[in-house]
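Close look at the chain arrangement
The residues making up each chain are set out below.
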Amino acid sequence: MSRFFRIGRSKTGLGLFATKPIKRAAYIATYRGRRITTEEADRREARGARYMFELNKKWTIDGSPRWNVARYINHSCQPNAKPVGRNGGIVIVALRRIEPEEEITYSYGDEYLDYFLQNGGCRCTACRKKRAARRRRQREARKRRQMRERRKGV
Ligand SMILES: [Zn+2]
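Everything in this summary refers to the structure shown in the same document.

1. Structural notes on the overall build of the protein
- When helices and strands are tallied, the protein shows three helices and 10 strands.
- Mapped from its N terminus to its C terminus, the protein presents α and β elements in the order β-β-β-β-α-β-β-β-β-β-β-α-α.
- A compact globule built from 154 residues would reach a C-alpha radius of gyration of about 15 Å, whereas the protein, at 20 Å, exceeds it by more than 25%.
- Dimensions along the principal axes, computed over C-alpha positions, put the protein at roughly 70 × 40 × 25 Å.
- In the protein, which comprises 154 residues, the share counted as buried stands at 24%.

Structure follows, in structure tokens:
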């Protein structure tokens, strides 16, 4: 494994974490696995397989083997990395400088988000923080309203 990251616990299970600063646009990992037809990938996904990286309508990488470290990279709506096509495969590169101990993330794309919107919302750190902030604002608005009503003697 690279000296730039380690597999560790994240809020949503396992994740990939930087162990050294990673420069913007630097190569992080290759999404490894057997190339299968997208049709076959859909069948495997229907049976519960994860880590299918669709290259195009015809081909998909089955990234489920453990030696595919890129499979540990979690989704974020505010990612610090992104997948790019290179030599017919997929590599993950840094979108910005990533600091040690930061979790490495990329956006899984619209199809994934649609799925999550139908299943209780995205669980990435950015979305959790957004939801927490919204709840806090609602709580504070409620408190202000109660104080106003109390002053008015309602
Ligand atoms: Zn999200």
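2. Topic: the pairing of strand β8 (residues 81-86)
- With six bridges connecting them, β8 and strand β9 (residues 89-94) associate as antiparallel partners. Paired with Lys82 across the strands is Val93, a residue of β9.
- A loop of two residues connects β8 with β9, the two strands running antiparallel in sequence, and Asn87 in this loop sits at a positive phi of about 50 degrees.

3. Remarks on the sheet that holds β8
- Across the sheet, three strands lie side by side as β3-β9-β8; this open sheet has antiparallel pairing. Each edge of the sheet is formed by a strand with only one pairing partner; in this case those strands are β3 (27-30) and β8. Looking at each pair of strands side by side, their axes are set apart by 30 degrees on average, direction ignored.

4. Quick word on the nonpolar core
- In terms of nonpolar packing, the biggest core is built from 17 residues, with Ile28, Ile73, Ile92 and Ile104 touching the most fellow members.
- Where this core is concerned, the elements lending two or more residues are β2 (13-18), β3, β9 and β10 (103-106).
- Those residues in contact with Ile28 that sit more than four places away from it in its chain are Phe4, Phe5, Ile22, Ala81, Ile92, Val93, Ala94 and Ile104.

5. Focus on unusual backbone geometry
- We note that Tyr51 has phi near 65 degrees; this positive angle belongs to a residue other than glycine.
- Among the structural elements, Tyr51 can be located in the loop between α1 (38-46) and β5 (52-54).
- At Glu101, a residue that is not glycine, the phi angle is positive and equals roughly 80 degrees.
- Summarising the element assignment, Glu101 is placed in the loop between β9 and β10.
- The exposed category is assigned to Glu101, around which 10 C-beta atoms lie within 10 Å.

6. Observations regarding the environment of Gly13
- Here Gly13 lies in strand β2.
- Given 9 C-beta atoms within a 10 Å radius, Gly13 is considered exposed.
- Along the sequence, Gly13 and Asn74 sit 61 residues apart, while their C-alpha atoms lie 8.9 Å from each other.

7. Focus on the sheet that holds β5
- Pairing is antiparallel across the open sheet formed by three strands, whose spatial order is β4-β6-β5. The sheet terminates laterally at β4 (34-37) and β5, the two strands that pair on one side only. Across the sheet, the axes of successive neighbouring strands diverge by a mean angle of 35 degrees, strand direction being ignored.

8. Describing the environment of Trp59
- Structurally, Trp59 can be placed in strand β6 (residues 59-62).
- Taking the C-alpha atoms as reference points, Trp59 and Ala126, separated by 67 residues in sequence, lie 31 Å from one another.
- When residues no more than four places from it in sequence are discounted, the contact partners of Trp59 are Arg35, Thr37 and Thr38.

9. Here's the deal with helix α2 (residues 110-118)
- Of all nine residues in α2, zero are buried, a share of ten percent or less.
- Just downstream of α2, Gly120 is the residue with a positive phi angle, here 90 degrees.

Reading the values: the criteria
Residues numbered from 1 in each chain as written. Predicted model: local features only at pLDDT ≥ 70, side-chain atom pairs only at ≥ 80, totals over all residues. Helix = DSSP H or I, 4+ residues; strand = E, 2+ residues; numbered from the N terminus. Rg over C-alpha atoms; globule rule 2.2 N^0.38 Å. Buried ≥ 20, exposed ≤ 12 C-beta atoms within 10 Å, placed from the backbone. Pairing = 2+ DSSP bridges. Axes fitted to C-alpha atoms, helices over the stretch in contact; angles between N-to-C directions. Core = buried A, V, L, I, M, F, W, Y, C linked by C-beta atoms within 7 Å. Contact = placed C-beta atoms within 7 Å.

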